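These are the residues of each chain, in order.
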Amino acid sequence: EDSVSAPSLALDPITLGYTLNYAAVTRRRLGDLTSAARLIERALVHAIAGGDLFMLQAVLFNFGLIHADLARRVPQSEHGPQAIRALEAVSRITREHRIGNDSAQNELAIAAILIDQGDLEKAEDYLEEARRIIARSENAYDQAVLAHRRLQLRCARDDVTLTPKGILDLVEQCAELYTA
């Protein structure tokens, strides 16, 4: 008598890594950063085990974003440095393997964390790197985010006076940055 066995529900590390990554992103968007962090850490283990550089890059990027969000909730914690380490690893993968070099989202994310941490000079370096990438890619979304980050940097430097005239000047500068 032939018997039919049930299909295995075991997932390979790559499929499981992508699944956990998506679950972590969903939890982040719902504001559940604790669950998101647990899920993304598990996804990272599977990304490393699976050996898929595309997945590793995606998981590290989301790991960085989740820990950046946690750093905003708990300033002076290890989340900020962890976020930067993960995002710098994404930059290394991009440079060394030419994966994802058509977007500056990683550099823009690092700059945002550095602005939050008050490391404005280093943030400016990352914004300049983002500008170089965007000059090649002409990615409209990245251009808009770059303009936003530049304004955040100016505000962090107290280069903006919040008087009615100062606000109007900022609006004009914003329009210039977004069209530059």
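Our subject is the structure listed above.
Residues numbered from 1 in each chain as written. Predicted model: local features only at pLDDT ≥ 70, side-chain atom pairs only at ≥ 80, totals over all residues. Heavy atoms only, no water.

### Quick look at the overall build of the protein chain
Inclusion rule: In this text, helices come from DSSP runs of H or I with a minimum length of four residues, and strands from runs of E with a minimum of two, each type numbered from the N-terminal end. We call a residue buried when its accessible area falls under 20% of the maximum for its residue type, exposed when it is over 50%, and partly exposed in between, using a 1.4 Å probe and counting protein chains only. Residues count as neighbours in contact if any of their non-hydrogen atoms are within 4.5 Å of one another. The Shrake-Rupley method, run with a 1.4 Å probe sphere, supplies the accessible areas, and residue values consider only the shown protein chains as cover.
A count of helical and extended segments in the protein chain gives eight helices and zero strands. Out of the 180 residues in the protein chain, the part that is buried amounts to 40%. Partitioning the intrachain contacts of the protein chain with sequence separation of at least 6 by distance along the chain shows that 57% fall at a separation of at least 24. For the protein chain, the accessible surface area stands at approximately 10900 Å², while carbon and sulfur atoms represent 53% of it.

### Describing the side chain of Asn21
To keep things clear, this is the line we draw: Here a polar contact is taken to be a pair of N or O atoms separated by no more than 3.5 Å, where protein atoms must pair a possible hydrogen donor with a possible acceptor and residues adjacent in sequence count only if both atoms sit in side chains.
Position of Asn21 relative to the elements: it lies in helix H1 (residues 13–29). A distance of 3.0 Å separates the side chain of Asn21 from the side chain of Asn62, its partner in a polar contact. When neighbours within four sequence positions are excluded, Asn21 is seen to be in contact with Ile40, Ala43, Ala58, Val59 and Asn62.

### Remarks on the pattern of salt bridges
We count it as follows: Counted as salt bridges are all cases of a side-chain nitrogen of Lys or Arg within 4 Å of a carboxyl oxygen of Asp or Glu.
Counted according to the given criterion, the structure contains nine salt bridges. Here Arg27 makes a salt bridge to Asp32, at a shortest N to O gap of 2.9 Å. In this structure Arg27 comes out as partly exposed when scored by relative accessible area, which is 31%. A salt bridge links Arg28 to Asp69; its shortest N-O distance comes to 2.6 Å. Of the two residues, Arg28 sits in helix H1 while Asp69 sits in helix H3 (residues 53–73), which places them 41 residues apart along the sequence. Taken together, the salt bridges that share partners define one network made up of Arg28, Asp69, Arg72 and Asp116.

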